[in-house]
Amino acid sequence: QQQVKQSPQSLIVQKGGISIINCAYENTAFDYFPWYQQFPGKGPALLIAIRPDVSEKKEGRFTISFNKSAKQFSLHIMDSQPGDSATYFCAASFNTDKLIFGTGTRLQVFP
Amino acid sequence: GAVVSQHPSWVICKSGTSVKIECRSLDFQATTMFWYRQFPKQSLMLMATSNEGSKATYEQGVEKDKFLINHASLTLSTLTVTSAHPEDSSFYICSASQQAEAFFGQGTRLTVV
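Residues numbered from 1 in each chain as written. Chains lettered and ligands numbered in written order. Predicted model: local features only at pLDDT ≥ 70, side-chain atom pairs only at ≥ 80, totals over all residues. Heavy atoms only, no water.

So, about the overall build of chain B. Assigned secondary structure in chain B consists of 0 helices and 11 strands. Scanning chain B from its N terminus toward the C terminus, one meets helices and strands in the order β-β-β-β-β-β-β-β-β-β-β. Against the 2.2 N^0.38 benchmark of 13 Å for 113 residues, chain B shows a C-alpha radius of gyration of 13 Å, consistent with a compact globule. The principal-axis extents of the C-alpha atoms in chain B amount to approximately 40 × 30 × 25 Å. Long-range contacts, defined here as pairs at least 24 residues apart, represent 53% of the contacts in chain B between residues at least 6 apart. Entry remark: accessible area of chain B is about 5,600 Å², with carbon and sulfur atoms responsible for 52%. Counting 9 positive and 9 negative side-chain charges, chain B places the averaged centre of each group 7 Å from the other. (Helix = DSSP H or I, 4+ residues; strand = E, 2+ residues; numbered from the N terminus. Rg over C-alpha atoms; globule rule 2.2 N^0.38 Å. Contact = heavy atoms within 4.5 Å. Areas by Shrake-Rupley, 256 points an atom, 1.4 Å probe, with all protein chains shown as cover. Lys, Arg positive; Asp, Glu negative; His and termini not counted. Charge placed at Lys NZ, Arg CZ, Asp CG, Glu CD.)

Encoded structure:
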């Protein structure tokens, strides 16, 4: 009920390509779905977040697609750059409390 | 976004000693903060919820007597790892919410030798 499943575990993308990471949740009470970017030795940095009342949110090169009926959401990184190489975590919670994190995706963008 | 600051960034301590980690919300007040733990190449796991002016609530399996949490003001929560052992070595991260978004500190790397 509390799990958030994330895939793929790792992703290799060429510079300029699109990176896509998927997550699925179980608890229908969740109403906050953020994505975080984490570099080694650093805390997670909030990239973008969505609420269930919209199906898509875009901020710059980052887009979240949200499918409430399927209980799935995904992160799309357009025009991926080597500087985007990091670990990405999806998460879910009720009202930003007690975030449940996915297992993480290690993204490598090659020039 | 809002700034959450942790101190220290890293600490090395001897087995059996206690270590205190501070988490501050720099430009906002937080009645609730959260403490997470992250092992290498793993995800973040919630340890406890820190409540200003009252006792912290701990997740199942987290020893409250080992991980003491104090939230004495609206901008400061502290996590004290008591009688630390090598298995407590980990990356500890706090978070706080502002304007309906959750922000994290930079983390504290604890190494117990």
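Let us look at unusual backbone geometry. Note that the residue after S7 of chain A, namely P8 of chain A, is joined by a cis bond; omega there is -5°. With respect to the secondary-structure elements, P8 of chain A resides in the loop between β1 (4-7) and β2 (10-14). With an omega of 0°, the peptide bond running from H7 of chain B to P8 of chain B counts as cis. Positive phi is not limited to glycine here, since T96 of chain A has a value of about 60°. With respect to the helices and strands, the residue T96 of chain A is situated in the loop between β9 (86-94) and β10 (97-101). Unlike most non-glycine residues, A100 of chain B shows phi in positive territory, near 65°. Its place among the elements puts A100 of chain B in the loop between β9 (90-98) and β10 (101-104). Since its relative accessible area comes to 44%, A100 of chain B is described here as partly exposed. (Buried < 20%, exposed > 50% of the residue type's maximum accessible area, 1.4 Å probe, protein only.)

Here the focus is the interface of chain A and chain B. With 20 residues of chain A at the contact, the number on the chain B side is 20 residues. Carbon and sulfur atoms supply 56% of the area that chain A and chain B bury against each other, a total of about 1,500 Å² over both sides. On the chain A side of the contact with chain B, P44, K98 and F101 of chain A bury the most area, a combined 32% of that side's loss. Counting every contact that joins chain A to chain B gives 1 salt bridge. With a shortest N-O distance of 3.4 Å, E59 of chain B and K98 of chain A are connected by a salt bridge. (Buried area = accessible area lost by both parts, 1.4 Å probe. Salt bridge = Lys/Arg side-chain N within 4 Å of Asp/Glu carboxyl O.)

Looking now at the state of the cysteines. Following the criterion strictly, the structure yields 2 disulfides over all chains and no others. There is a disulfide in this structure between C23 of chain A and C90 of chain A, and the S-S distance comes to 1.9 Å. An S-S torsion of about -95° defines the bridge between C23 of chain A and C90 of chain A as left-handed. Residue C23 of chain A is found in strand β3 (residues 19-25), and its partner C90 of chain A is found in strand β9; the two are separated by 67 residues along the sequence. C23 of chain A sits in the buried class, given a relative accessible area of 3%. Between C23 of chain B and C94 of chain B runs a disulfide, and the two sulfur atoms are separated by 2.0 Å. Disulfide C23 of chain B to C94 of chain B: torsion about the S-S bond roughly 85°, handedness right-handed. Residue C23 of chain B is found in strand β3 (residues 19-25), and its partner C94 of chain B is found in strand β9; the two are separated by 71 residues along the sequence. (Disulfide = S-S within 2.5 Å.)

So, on to the sheet that holds strand β7 (residues 67-73) of chain B. Residue and element names in this part refer to chain B. The strand order across the open sheet built from 4 strands is β1-β3-β8-β7, with neighbouring strands paired in antiparallel fashion. The sheet is open, and its two borders are formed by β1 (4-7) and β7, each paired with just one other strand. Taking each pair of neighbouring strands and ignoring which way they run, the sheet shows an average axis angle of 20°. Both β7 and strand β8 (residues 76-81) contribute to a ladder of 5 bridges, which runs antiparallel. Bridging from a neighbouring strand, F67 pairs with V81 of β8. (Pairing = 2+ DSSP bridges. Axes fitted to C-alpha atoms, helices over the stretch in contact; angles between N-to-C directions.)

Residue and element names in this part refer to chain A. The topology assignment puts L47 in strand β5 (residues 45-50). For L47, a relative accessible area of 17% puts it in the buried group. Sequence separation between L47 and I18 is 29 residues; the distance between their C-alpha atoms is 16 Å.

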